[in-house]
Amino acid sequence: MAAAVHPRVVRALPMSLAASAFHRPVQRQLHHAVIPHGRSGRSSVSGVVATVFGATGFLGRYVVNHLGRMGSQVIVPYRCEPYDVMHLRPMGDLGQIIFLEWNGRNKDSIRRAVEHSNVVINLVGREWETKNFDFEDVFVTIPQAIAQVSREAGVEKFIHISHLNADIKSSSRYLRSKAVGEKEVRNAFPEAIIIKPSDIFGREDRFLNYFANMRWFGGVPLISLGKKTVKQPVYVVDVSKGIVNAIKEPDATGKTFAFVGPNRYLLFDLVQYIFAVAHRPFLPYPLPHFAYRLIARLFETSPFEPWTTRDKVERVHITDMTLPHLPGLEDLGIQAVPLELKAIEVLRRHRTYRWLASEIEDVKPAKTVNV
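Draft legend 1. Looking closely at the side chain of R351. Tracing the backbone through its elements, the reader meets R351 in the segment after α12 (339–347). Judged by its relative accessible area of 6%, R351 falls in the buried class. A distance of 2.7 Å separates a polar atom in the side chain of R351 from the backbone oxygen of V277. Once residues within four sequence positions are removed from consideration, R351 is found in contact with V277, A278, H279, R280, I344, L356, A357, S358 and E359.

Here you go:
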């Protein structure tokens, strides 16, 4: 807190100095959680107090784990049942993972979540729209509010997760909203770090698992057989490490990063490799764009999580951008892991018992495409 100024001292000061003494910006109290000490590890204190919005999602659990592993205090705002976030509690030392209910439409709720943090990470996302939250709410309105409140609260670093293919002219409403969200976050918090990952794969993903589950429909429907689409997926652990390294890197402030994997694949070759690793028959067939969207519309009527949506059909068949002018994982000291080394972790569960213990070396690597 700013030191109190004695009235007699103020009368003795010139008017300009007296005014500055009263209008000096209020400084945060130095909390013990932001004073690094210890020998590193979960039982030390890294000096990072991070609020991670969207920590209950796919990427969030990896980010919380990496922050907890280095001794950070993590505030986890949540909207779900308290028992649905308990898997995050062991990721940090006793008292280092703090859970807090929040409402994305209430700025006071956001302010309570960030008021003691020096780092805020926005991972809020949704694969499909609902009657309560559409893509504009999830990717524009809520991130803008979080960035604005974080700026007002004096947060030192704000990290926002977007998408590699975010484009205001995209055929996907998801990607258009992501592009608008980037702009609004940058306006609200000019020093924000924006990260644009490609499609992320990992154990609980909706990328490799999405294609592997297509076998239940008697084959793999792909627009133009997937031979006009190029993908460059990135491993979830690499993305998580990149986010944590961006916190540590002082030169990362205000920059936009593109996180991609080391290899590019035709969608056809990628899906063929997925089925080869899962030891399942690969039966692709071309499906017209309008027919695919019609089928997806039927899935959208489900009261539960839809297997696919019209917007996801668009996203899946959009070629990943190449953004060589943006820094990437290598600039944060991370060597991207190839899909072939980690696909077995995701796809072993899709195998039959006969092939459960089969080695990944039995599968021919997917064909790559030059950048």
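Next, the rest of the story.
Draft legend 2. Summary view of the nonpolar core. In terms of nonpolar packing, the biggest core is built from 78 residues, with L59, L67, I121, I159, F211 and I243 touching the most fellow members. Sequence-distant contacts of I121, defined by excluding residues within four places in its chain, comprise T51, V52, F53, V63, L67, I159, I243 and I247. Among the nonpolar cores identified, the runner-up in size contains 26 residues, and V120, F135, F139 and F158 belong to it.

Draft legend 3. Quick look at the side chain of N118. When you line up the elements, N118 lands in the loop between α4 (107–114) and β4 (119–122). Classification of N118 by relative accessible area gives buried; the value is 9%. Of note is the side chain of N118, whose polar atom sits 3.0 Å from the backbone oxygen of G47. A polar contact of 3.0 Å, which involves the side chain of N118, links it to the backbone nitrogen of V49.

Draft legend 4. Highlighting α4. Buried residues of α4: S109, I110, A113 and V114, and no others. Down the axis of α4, the sector holding all buried residues measures 125°, keeping them to one side. Packed against the buried residues of α4 are β1 (49–53), β2 (73–78), β3 (97–101), β4 and α5 (135–152). Capping the start of α4 is the job of one residue whose side-chain oxygen sits 2.9 Å from the backbone nitrogen of D108: N106.

Draft legend 5. Region of interest: unusual backbone geometry. Even without glycine at this site, S224 takes up a positive phi of about 55°. Positionally, S224 belongs in the loop between β8 (220–222) and β9 (230–231). Unlike most non-glycine residues, L225 shows phi in positive territory, near 60°. Residue position: L225 is located in the loop between β8 and β9. Among the residues examined, L225 registers a relative accessible area of 23% and is labelled partly exposed.

Draft legend 6. Here's a closer look at the environment of I243. Tracing the backbone shows I243 in helix α8 (residues 236–248). Assessed through its relative accessible area of 0%, I243 is described here as buried. The spatial distance from the C-alpha of I243 to the C-alpha of I159 is 7.7 Å, given a sequence separation of 84 residues. For I243, the contacting residues outside a window of four places in its chain are L59, V63, I121, L123, I159, I161, I195 and F259.

Draft legend 7. Main features of the packing of helix α3 (residues 58–69) against α8. Two elements in contact, α3 and α8, have axes whose closest approach is 9 Å; the angle formed by their N-to-C orientations is 50°. The orientation of α3 relative to α8 falls into the category oblique. α8 is crossed by α3, and the crossing has right-handed handedness. Within the contact between the two elements, α3 uses F58, L59, Y62, V63, H66 and L67 and α8 uses V236, V237, V239, S240, K241, I243, V244 and I247. Here the contact of α3 with α8 is composed, by residue class, of 11 nonpolar, two polar and one charged.

Draft legend 8. Seen up close, the pattern of salt bridges. By the definition in use, this model includes 17 salt bridges. For K312, the salt bridge identified is with E127, shortest N-O distance 3.2 Å. Separated by 185 residues along the polypeptide, K312 in helix α11 (residues 310–316) and E127 in the loop between β4 and α5 bring together distant segments of the chain. Using a relative accessible area of 22% as the deciding quantity, one classes E127 as partly exposed.

Draft legend 9. Quick peek at the sheet that holds strand β11 (residues 256–259). If you walk across this open sheet you meet the seven strands as β3-β2-β1-β4-β5-β6-β11, and the pairing is parallel. Two strands lie at the open edges of the sheet, namely β3 and β11, each paired on one side alone. Neighbour-to-neighbour, the strand axes of the sheet open up by a mean angle of 20°, direction not taken into account. Where α4 meets the sheet, its contacts fall on β1, β2, β3 and β4, and the angle it forms with β1 comes to roughly 145°.

Draft legend 10. Local environment of the packing of aromatic side chains. Counting across every chain of the model gives 14 aromatic pairs. Aromatic side chains F58 and Y62 sit 6.0 Å apart centroid to centroid with 85° between the ring planes, which places their arrangement in the edge-to-face category. Residue F58 and its partner Y62 are both found in helix α3; the two are separated by four residues, about one turn of the helix. Take F58 and Y62: they sit in the same class, and that class is buried. Every member of this aromatic cluster is reached through a ring pair, and the members are F207, Y210, F211, F299 and W307. A cation over a ring is seen here: R151 above F189, with NZ or CZ 5.6 Å from the ring centre. One cation-aromatic arrangement involves K227 over F268; the distance from NZ or CZ to the ring centre is 4.7 Å.

Calculation criteria
- Along every chain, residues carry numbers that run from 1 in the direction the sequence is written.
- Two thresholds apply to this predicted model, a pLDDT of at least 70 for residue-level local features and 80 or more for giving and counting side-chain atom pairs, whereas whole-chain, interface and lining totals are computed over all residues.
- Only hydrogens and water are removed before side-chain values are computed, so all heavy atoms of the structure are retained for them.
- The helix count covers DSSP runs of H or I at least four residues long, the strand count covers runs of E at least two residues long, and both are numbered beginning at the N terminus.
- Under the scheme applied here, a residue whose accessible area is under 20% of the maximum for its type counts as buried, over 50% as exposed, and between as partly exposed, the area being computed with a 1.4 Å probe on protein chains only.
- Side-chain atoms alone can form a polar contact between residues adjacent in sequence; in general such a contact is a pair of N or O atoms within 3.5 Å, and within protein one must be able to donate a hydrogen while the other accepts it.
- Contacts are assigned to residue pairs that have any heavy atoms within 4.5 Å of one another.
- Here, nonpolar core means buried Ala, Val, Leu, Ile, Met, Phe, Trp, Tyr and Cys residues that are tied together by side-chain atoms lying within 4.5 Å of each other.
- The arc in question is traced by the directions running from the helix axis to the C-beta atoms.
- Between the N-to-C directions of two axes lies an angle of 0 to 180 degrees, each axis being a line fitted to C-alpha atoms and, for a helix, fitted only over the stretch in contact.
- Orientation labels follow simple angle bins: below 35 degrees gives roughly parallel, above 145 gives roughly antiparallel, 65 to 115 gives roughly perpendicular, and whatever is left gives oblique.
- The hand of a helix crossing depends on one turn: near helix anticlockwise from the far one by less than a right angle means left-handed, and clockwise means right-handed.
- The residue classification treats Ala, Val, Leu, Ile, Met, Phe, Trp, Tyr, Cys and Pro as nonpolar and Asp, Glu, Lys and Arg as charged. All others, Gly included, are polar.
- Salt bridges are counted wherever a side-chain nitrogen of Lys or Arg sits within 4 Å of a carboxyl oxygen of Asp or Glu.
- Two strands qualify as a pair provided that DSSP identifies no fewer than 2 bridges between them.
- By convention, a stacked pair of Phe, Tyr or Trp rings (six-membered ring in the case of Trp) has centres within 6.5 Å and planes under 30 degrees apart, an edge-to-face pair has planes over 60 apart, and any other such pair is tilted.
- Criterion for a charge above a ring: Arg CZ or Lys NZ at most 6 Å from the ring centre, at most 35 degrees from the ring normal.

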